[in-house]
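Report on the structure
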Amino acid sequence: MASTGERLQQLDDIERDIASSMHSAGQAILELSRDKSTAKTVEAQTSGFLKTLQSVENGLTKQISYLTQVSTGQPHEGSSYGAQKDLLMAYQLMAYHCLQYVRSWLTKKRIVH
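What this report covers is the structure whose coordinates are included nearby.

**So, the overall build of the protein chain**
- The secondary structure content of the protein chain amounts to 3 helices and 0 strands.
- The secondary structure elements of the protein chain, listed N-terminal to C-terminal, are α-α-α.
- Burial statistics for the protein chain: of 113 residues in total, 18% are counted as buried.
- Long-range pairs, those at least 24 residues apart, make up 64% of the contacts in the protein chain with a sequence separation of at least 6.

This is how it looks when you write it as structure tokens:
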């Protein structure tokens, strides 16, 4: 079992991964906004975003599982559906807000009407 310091370090790593994924998403959007954007660059940034997002999901799932175990004082033997549903809803909310931001940005730049 990981110590408190290790758990905090893991959460810090997850936070860094979130920042990195947002940076990759921003870079992909920036590339798309250019007059001569390259598909290779956009694909690389998008791939980096998705890879980091997967890492964030795995890390958060592990943390949620750990918190479930320590909150009950025993290993979790039930379904993880609730935690998975909460995580999925959080991702959907984040994706929705990112999409709304991109739409408003593109509209503001008069790229999309």
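And the narrative resumes.
**Considerations on the nonpolar core**
- Within the largest apolar cluster, 7 residues are counted, these being I14, A25, F49, L53, V56, L87 and Y91.
- Among the elements of the structure, helix 1 (4-33), helix 2 (39-72) and helix 3 (81-108) are those that each provide at least two residues to this core.
- Those residues within four positions of I14 in sequence are excluded, and the remaining contacts are V56, G59, L60 and Q63.

**A short note on the pattern of salt bridges**
- Counted according to the given criterion, the structure contains 3 salt bridges.
- For the salt bridge of D12 with R16, the shortest nitrogen-to-oxygen distance reads 2.8 Å. Of this pair, D12 and R16 both sit in helix 1, 4 residues apart, which is roughly one turn of that helix.
- Of the residues examined, R16 reaches a relative accessible area of 45% and is grouped as partly exposed.
- A salt bridge links R16 to D13; its shortest N-O distance comes to 2.6 Å. Separated by 3 residues within a single helix, R16 and D13 lie in helix 1, roughly one turn from each other.
- A single network of salt bridges, built from pairs that share partners, joins D12, D13 and R16.

Cut-offs applied
Residues numbered from 1 in each chain as written. Predicted model: local features only at pLDDT ≥ 70, side-chain atom pairs only at ≥ 80, totals over all residues. Heavy atoms only, no water. Helix = DSSP H or I, 4+ residues; strand = E, 2+ residues; numbered from the N terminus. Buried < 20%, exposed > 50% of the residue type's maximum accessible area, 1.4 Å probe, protein only. Contact = heavy atoms within 4.5 Å. Core = buried A, V, L, I, M, F, W, Y, C linked by side-chain atoms within 4.5 Å. Salt bridge = Lys/Arg side-chain N within 4 Å of Asp/Glu carboxyl O.

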